[in-house]
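# Observations on chain architecture
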Amino acid sequence: MSATVIALALFAAILHAGWNAFLRTGADRLWTVTVMSFSSTLIAIPMALYHALPATGAWPYVAFSAGLQVGYSVFLVAAYRYGELGQVYPIVRGSVPLLVTLGGFVLAGQQLTMPEIVGVTLVACGIMGLSLGRGRASTTSILYALATGAIIAAYATVDAIGVRVAGDSGAYTAWVLLIYGALLPATFIVLRGRLVVNFSAPETRKALAGGLFALLAYAVVVAAFALGPAGPITAIRETSVVFAAFIGRLFLGEQLTPRRVGACAVVALGAICLGYQA
């Protein structure tokens, strides 16, 4: 890989950890993530107008993916309600390749390679390091984080199938974002009764900027994928769990014990082993 590709992958890792830190700081995180979704909706509208409609058979995948991403947003918010960024984020990120790999082994009978076996072991050990002993994450935050990881793994699988059925990745992405952008505010209203957004308020502008930040993280990794091999790029991006630990310490005042740093590094190393096989 070129230095440019490596730099893009690392930048994407920092951006992803960064927007999660932004969400973690919100006074009302469900409101924040809902307003953040407005940014992706605004980007999706011209995308949908530019591209033809996805193939008919792709619409169930579009709807299912959008629904799963709403679940992802709600469960991520719940995880951050009960746990710190430096604890929740590594569990969420590490559990995704772990669950995908184990799912392929259990459900599809796929044989695990040695790097995958090492990766599964390291991620499991790292998550246990964050979940057990003194200063551990709360049980509630761990359960929500694992559920969030499971939802991410599910919608990634749905998207992998759906984008092929759609025949146009741009159209598929645009309509997933549009439906997600409609479902998430509706979910907020169901849960809270009403959604109040003052577009002149500083908190609204910050949330919209956070949404653009999240979109930039996605765009940067897509750019990296266009220039280099997917496996190594995916692996490098998993260093975001280590960045999250340091961001949590620098900007959120979270503890940064040697144990937590070590556990995050073990999760990152395990995810790299699994991601490299992608």
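First, a word on what this report is: a plain description of the structure on this page.

### Looking at the overall build of the protein
From N to C terminus, the protein includes 11 helices and 0 strands. Against the compact-globule benchmark of 19 Å for 278 residues, the protein has a radius of gyration of 18 Å, which places it among compact chains. Seen through its C-alpha atoms, the protein measures out along the principal axes to roughly 45 × 40 × 40 Å. Counting the 278 residues in the protein, one finds 47% classified as buried. Long-range contacts, defined as pairs at least 24 residues apart, comprise 86% of the intrachain contacts of the protein with a sequence gap of at least 6. Looking at the protein as shown, the accessible area adds up to about 12900 Å², and 70% of this sits on carbon and sulfur atoms. In the protein, which carries 15 positive and 8 negative side-chain charges, the distance between the mean positions of the two groups comes to 9 Å.

### Some remarks on the packing of helix 1 (residues 3-25) against helix 10 (residues 240-252)
At their nearest, the axes of helix 1 and helix 10 sit 9 Å apart, and the two run at 45° to each other. Taken together, the axes of helix 1 and helix 10 are oblique relative to one another. When the axes of helix 1 and helix 10 are compared, the crossing they make is right-handed. Where helix 1 abuts helix 10, its residues L10, A13, I14, A17, G18, A21, R24 and T25 lie against S240, F243, A244, I247 and L252. Residue classes in the contact of helix 1 with helix 10 are distributed as 9 nonpolar, 3 polar and 1 charged.

### Quick look at the environment of M128
Positionally, M128 belongs in helix 5 (residues 114-131). Distance in space between the C-alpha atoms of M128 and E84 is 16 Å, their sequence separation being 44 residues.

### A short note on the pattern of salt bridges
One pass over the full model with this rule turns up 4 salt bridges. Ionic pairing is found between R260 and E84, a salt bridge with its closest N-O pair at 2.8 Å. Taken together, the residues R260 in helix 11 (residues 258-275) and E84 in the loop between helix 3 (59-82) and helix 4 (85-107) connect sequence positions 176 residues apart. Salt bridges here are not isolated pairs; linked through shared partners, they connect E84, E254 and R260.

What counts, and at which threshold
- Residues numbered from 1 in each chain as written.
- Predicted model: local features only at pLDDT ≥ 70, side-chain atom pairs only at ≥ 80, totals over all residues.
- Heavy atoms only, no water.
- Helix = DSSP H or I, 4+ residues; strand = E, 2+ residues; numbered from the N terminus.
- Rg over C-alpha atoms; globule rule 2.2 N^0.38 Å.
- Buried < 20%, exposed > 50% of the residue type's maximum accessible area, 1.4 Å probe, protein only.
- Contact = heavy atoms within 4.5 Å.
- Areas by Shrake-Rupley, 256 points an atom, 1.4 Å probe, with all protein chains shown as cover.
- Lys, Arg positive; Asp, Glu negative; His and termini not counted.
- Charge placed at Lys NZ, Arg CZ, Asp CG, Glu CD.
- Axes fitted to C-alpha atoms, helices over the stretch in contact; angles between N-to-C directions.
- Parallel < 35°, antiparallel > 145°, perpendicular 65-115°, else oblique.
- Left-handed = near helix turned anticlockwise from the far one by under 90°.
- Nonpolar A, V, L, I, M, F, W, Y, C, P; charged D, E, K, R; others polar.
- Salt bridge = Lys/Arg side-chain N within 4 Å of Asp/Glu carboxyl O.

Interpretation in functional terms is not warranted from these geometric data alone.
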